[in-house]
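Residues per chain, in single letters:
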Amino acid sequence: MINIVLFGKPGAGKGTQAEFLKGKYNLTHLSTGDIFRFNIKNETELGKLAKTYMDKGDLVPDEVTIQMLQSEVDANPDSAGFLFDGFPRTIAQAGALDRFLESKGQQITATVALEADDEILVQRLLERGKTSGRPDDQDEEKIRNRYQEYNEKTAPLMGYYKEQGKFYAVDGIGSIAEITERLSAVIDNL
Ligand SMILES: Nc1ncnc2c1ncn2[C@@H]1O[C@H](COP(=O)(O)OP(=O)(O)O)[C@@H](O)[C@H]1O
């Protein structure tokens, strides 16, 4: 069983790459952003709560996110492995994920980061915002706030996984296929 965390700043291409990797490695793709957006669309209680944070570019509180993620994992008991996309995003989430997987006799195999420069990514998100309909992609101030959240709360996870000897980084600039190749090279060597 392999469990991969796909790591990277907003707009780094995690969702795009996850689409390829999940098929290639037979992994269950869990994107917390997608799950929140699904709940917003269906106007669930979780969706209403998440929306108040997401629309501003803030992170949704840990308790809410961790609980949601755990129930998604539990809903896939026969999975051959998970591809976590957009989770964990805080040290508290990473610790909770480690403990949760350990309670199932499992662990994170590797965290693979897509690296790219902030300015390129902000432009990508503004471009995506023209068609995605995502309120958090349409306003430069909200986008900048997501980077601030990333720098404060998510970037420390690199150290967390490096200490565990599980952190790998690939260059996130290039064609989609090239980047899939780079990620696959890391995963094939695990
Ligand atoms: N693990 C998480 N913890 C807290 N909030 C989250 C998490 N994952 C997603 N979100 C919320 O959903 C928003 C969009 O997430 P996502 O689609 O992964 O976007 P991106 O990586 O492009 O910023 C985040 O800005 C945040 O508000």
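Parameters at a glance
Residues numbered from 1 in each chain as written. Predicted model: local features only at pLDDT ≥ 70, side-chain atom pairs only at ≥ 80, totals over all residues. Heavy atoms only, no water. Helix = DSSP H or I, 4+ residues; strand = E, 2+ residues; numbered from the N terminus. Rg over C-alpha atoms; globule rule 2.2 N^0.38 Å. Buried < 20%, exposed > 50% of the residue type's maximum accessible area, 1.4 Å probe, protein only. Lys, Arg positive; Asp, Glu negative; His and termini not counted. Charge placed at Lys NZ, Arg CZ, Asp CG, Glu CD. UniProt positions renumbered as here; feature names shortened; annotations may be inferred. Contact = heavy atoms within 4.5 Å.

So, about the overall build of the protein. Counting secondary structure elements, the protein contains nine helices and five strands. Listed N to C, the secondary structure of the protein is β-α-β-α-α-α-β-α-β-α-α-α-β-α in terms of helices and strands. Taking 16 Å as the expected radius of gyration for a compact globule of 190 residues, we find that the protein reaches 16 Å, a close match to that expectation. With respect to the three principal axes, the spread of C-alpha positions in the protein is 40 × 40 × 30 Å. The 190 residues of the protein split such that 47% are buried. Put simply, the protein has 23 plus and 31 minus side-chain charges, and the middle of one group is 2 Å from the middle of the other.

Our focus in this paragraph is the UniProt feature "binding site: AMP" (unreviewed entry) in the protein. As recorded in UniProt, the feature "binding site: AMP" (unreviewed entry) lies at Thr 32, Arg 37, Asp 58, Leu 59, Val 60, Gly 86, Phe 87, Pro 88, Arg 89, Gln 93, Arg 134 and Arg 146. In sequence the annotated residues extend across 115 residues, and in space they extend as well, their farthest C-alpha pair lying 24.2 Å apart. In this fold, Asp 58 is placed in the loop between α3 (45-54) and α4 (62-74). Filtering out sequence-adjacent residues up to four positions away, Asp 58 remains in contact with Tyr 53, Asn 145 and Glu 149. By the element assignment, Gly 86 lies in the loop between β3 (82-85) and α5 (91-102). If near-sequence neighbours (up to four positions away) are discounted, Gly 86 is found in contact with Leu 6, Lys 14 and Thr 32.

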